[in-house]
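Take a look at the letters that make up each chain.
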Amino acid sequence: TSLVVRPVMSRAEVERLKTASGASKIEIRIGSHKMAALQDRSGRLATFLRRASVDYGDIDVTVIISVPRGKTRDEDRQRLLADLRDIEQVVPEAAERARATLTYAEQSGPEHSRLVELVEHHITAKRRVTALDENGQSIRIMSAVAAILGVAAEHEAELRLAVDAS
């Protein structure tokens, strides 16, 4: 059995990001030790975060970008959403905090918005891990691996959906 562990966003959060028409506000915090995750990203946000790290050295960066309401700013909200989509694959693993207020333009009604937590919505499960066997010997690692494999099997369908694997 092969097991790869990496943070993923829930399918619902990915769908919200895909169906949004814009982003009116984003907040992202990335530590200096995670900046390398943005290396292959070319959007303005990724470039800005990398540039801050290069210019200031070993720093943590928190960025809040907010686009005011109004039809005249639709293009700005679309560009901000495009920048967010550019880094969506690396955000769960790289960012300490990432959230966005996404906007949705409905044909039949007014625009509405929704706050999306891009780091908080991981597929998670907690299990108790036995530390000792019946003879008092430490088995924490074996017990932890068994718990991880059990949870992976239990959540296999949701995990496959989250990473688009069949």
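This report concerns the structure included in the present document. Computed from a predicted model, the values in this text were never measured in an experiment.

## Focus: the pattern of salt bridges
Next, step 1: Taken as a whole, this structure holds eight salt bridges when the rule is applied.
Next, step 2: One salt bridge connects Arg99 with Glu27, and the closest N-O pair in it is separated by 3.3 Å. Of this pair, Arg99 sits in strand β3 (residues 95-104) while Glu27 is found in strand β1 (residues 22-30), placing the two residues 72 residues apart along the sequence.
Next, step 3: Of the residues examined, Glu27 reaches a relative accessible area of 13% and is grouped as buried.
Next, step 4: Salt-bridge contacts for Arg99 lead to Glu117; the nearest nitrogen and oxygen are separated by 3.3 Å. Highlighted residues: Arg99 in strand β3 and Glu117 in strand β4 (residues 112-117), separated in sequence by 18 residues.

## Section: the pairing of β1
Next, step 1: The buried fraction of β1 is high, at seven of nine residues.
Next, step 2: When β1 meets β3, the two strands line up antiparallel, connected through eight bridges. Counterpart to Ile30 in the pairing with β3 is Ala95.
Next, step 3: Bridge count for β1 against strand β2 (residues 61-66) is six bridges, and the pairing is antiparallel. Looking at β2, one finds that Ile30 is bridged to Val61.

## Details of the side chain of Arg50
Next, step 1: Relative to the helices and strands, Arg50 is located in helix α2 (residues 44-56).
Next, step 2: The buried charged residue Arg50 lacks any salt bridge, with Asp86 as its nearest oppositely charged partner at 6.5 Å.
Next, step 3: Beyond its immediate sequence surroundings of up to four residues, Arg50 is in contact with Met35, Leu38, Gln39 and Arg41.

## With respect to the environment of Met142
Next, step 1: In this fold, Met142 is placed in helix α5 (residues 140-154).
Next, step 2: Through-space distance from the C-alpha of Met142 to that of Ala131 is 9.1 Å; in sequence the pair is eleven residues apart.

## Quick word on the nonpolar core
Next, step 1: With 29 residues, the main nonpolar core has Ile28, Leu38, Leu49, Ile87, Val91 and Leu102 as its most contacted residues.
Next, step 2: Elements supplying a minimum of two residues to this core: β1, α2, β2, α3 (74-87) and β3.
Next, step 3: For this core, the leading source of residues is β3, giving five residues.
Next, step 4: Not counting residues within four places of it along the chain, the set of residues in contact with Ile87 comprises Ile28, Leu38, Arg41, Leu45 and Ala46.

## Remarks on the environment of Val91
Next, step 1: Relative to the helices and strands, Val91 resides in helix α4 (residues 91-94).
Next, step 2: Residue classification places Val91 among the buried positions, given a relative accessible area of 4%.

## A look at the packing of helix α1 (residues 11-19) against α3
Next, step 1: Where α1 meets α3, the closest approach of the two axes is 10 Å, and the angle between their N-to-C directions is 145 degrees. Here α1 runs over α3; the crossing is left-handed. Note on element contacts: α3 touches α1 through Leu81, Leu84 and Arg85, opposite Leu17, Lys18 and Thr19.
Next, step 2: Looking at the contact of α1 with α3 residue by residue, the class counts come to three nonpolar, one polar and two charged.

Conventions we followed
Residues numbered from 1 in each chain as written. Predicted model: local features only at pLDDT ≥ 70, side-chain atom pairs only at ≥ 80, totals over all residues. Heavy atoms only, no water. Salt bridge = Lys/Arg side-chain N within 4 Å of Asp/Glu carboxyl O. Helix = DSSP H or I, 4+ residues; strand = E, 2+ residues; numbered from the N terminus. Buried < 20%, exposed > 50% of the residue type's maximum accessible area, 1.4 Å probe, protein only. Pairing = 2+ DSSP bridges. Lys, Arg positive; Asp, Glu negative; His and termini not counted. Contact = heavy atoms within 4.5 Å. Core = buried A, V, L, I, M, F, W, Y, C linked by side-chain atoms within 4.5 Å. Axes fitted to C-alpha atoms, helices over the stretch in contact; angles between N-to-C directions. Left-handed = near helix turned anticlockwise from the far one by under 90°. Nonpolar A, V, L, I, M, F, W, Y, C, P; charged D, E, K, R; others polar.

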